[in-house]
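Commentary on secondary and tertiary structure
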Amino acid sequence: MKRSIAVLTGAGVSAESGLGTYRDNGGLWDNYDPMEVASAEGWRRNPKLVLNFYNMQRAHLREVQPNEAHRIIAELERDFDVDVITQNVDNLHERAGSTRVLHLHGEVTKVRPENCCNDMDGFSERTVFDVGYGEVHLGDKAPNGAQLRPHIVFFGEAVPKLEAAVERVARADIVLIVGTSLQVYPAASLYRYARPDAPIYLIDPAEIRLHDPRVQHIRMVATEGMREFVLQIKK
Ligand code: APR
């Protein structure tokens, strides 16, 4: 029986691939107002701005590759039962080979009709489809006639996969957090569902104060931290 690991990742795991984080110096939110380009209100106010923002994200994602941290996380599946639970909307975990990836905040390569996948239809993903790295413009309609929108959880919207994420963390033998400032809820509180006997590792170069005695901070960038993590859990 393989030990299970829940890997909670944020933008920091993709930083060494060349994708920007959100809140570091020069991060995305230094250059764009999330309330304009990544919120439900922003979508209602100016959908063109939102569509352009995610068109740019897709174009950038096409140019980058998974890094060593993504690859080591994927390789953990050889010896462990791994669930990746990511706040990232990029596809780098999948491209590195991870087979069980739960995107809490959606996926930038996917779109859907703007009137679907909400509390009215039980957040059904039936009408979600993959546009790869292509563009979506105002006037691009779904088969049901509605405007297409990014399959992203905007600020101000529910996080439909939260319950599934909690279940995975609550059953894990080991919890690993990589590259998130833990400032956006409810994702930030997920690690707290770890079992009392489950060690929690945090990989991040910044000083993140988590007042939980179970947390072991590997203060390194993701690629180095993942190598250190593997050494530690194989002891
Ligand atoms: N390796 C590991 N961690 C890194 C690296 C690196 N090379 N570079 C930066 N980091 C860390 C930073 O120290 C920070 O703690 O990654 C974290 C990035 O934090 P944020 O930019 O806030 O990104 P994240 O926590 O993923 O944001 C959460 O906010 O805007 C929303 O939906 C968006 O999913 C996103 C959510």
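Here, every reference points to the structure presented above.
Residues numbered from 1 in each chain as written. Predicted model: local features only at pLDDT ≥ 70, side-chain atom pairs only at ≥ 80, totals over all residues. Heavy atoms only, no water.

**What to know about the side chain of Ser98**
Within the secondary structure, Ser98 sits in the loop between helix H7 (92-96) and strand S3 (101-103). Classification of Ser98 by relative accessible area gives buried; the value is 7%. Residues contacting Ser98, with those up to four places away along its chain left out, are Ile73, Ala74, Glu77, Val84 and His93. (Helix = DSSP H or I, 4+ residues; strand = E, 2+ residues; numbered from the N terminus. Buried < 20%, exposed > 50% of the residue type's maximum accessible area, 1.4 Å probe, protein only. Contact = heavy atoms within 4.5 Å.)

**Quick notes on the site of the ligand**
Contacts to the ligand come from 23 residues, most closely from Tyr22, Arg23, Thr180, Ser181 and Asp204. A distance of 2.7 Å separates an oxygen atom of the ligand from a polar side-chain atom of Thr180. Computed on the free molecule, the ligand has an accessible area of 730 Å², of which 93% lies beneath the protein chains in the complex. Across the shell around the ligand, the residue classes break down as 11 nonpolar, eight polar and four charged. (Near = heavy atom within 4 Å. Polar contact = N/O pair within 3.5 Å; in protein donor to acceptor, adjacent residues only side chain to side chain. Areas by Shrake-Rupley, 256 points an atom, 1.4 Å probe, with all protein chains shown as cover. Nonpolar A, V, L, I, M, F, W, Y, C, P; charged D, E, K, R; others polar.)

**Description of the side chain of Ser39**
With respect to the helices and strands, Ser39 occurs in the loop between helix H3 (34-37) and helix H4 (40-45). Of the residues examined, Ser39 reaches a relative accessible area of 3% and is grouped as buried. In contact with Ser39, not counting residues within four places along its chain, are Pro34, Phe154 and Phe155.

**With respect to the packing of aromatic side chains**
To describe a pair of aromatic rings, you give the distance between the ring centres and the angle between the ring planes. Following the criterion strictly, the structure yields seven aromatic pairs and no others. For the pair Tyr32 and Phe53, a centre-to-centre distance of 5.0 Å together with 65° between the ring planes defines the contact as edge-to-face. One end of the pair, Tyr32, is in the loop between helix H2 (28-31) and H3; the other, Phe53, is in helix H5 (residues 47-63), with 21 residues separating them in the sequence. According to the relative accessible area criterion, Phe53 is buried, its value standing at 4%. With a centroid separation of 5.0 Å and an interplanar angle of 80°, the aromatic rings of Tyr201 and Phe229 are classed as edge-to-face. Of this pair, Tyr201 sits in strand S8 (residues 200-203) while Phe229 sits in helix H9 (residues 222-233), and the two are 28 residues apart along the sequence. No difference in accessibility class separates Tyr201 from Phe229, as the two residues are buried. (Phe/Tyr/Trp six-rings, centres within 6.5 Å; stacked < 30°, edge-to-face > 60°.)

Honestly, it's all geometry; don't read function into it.
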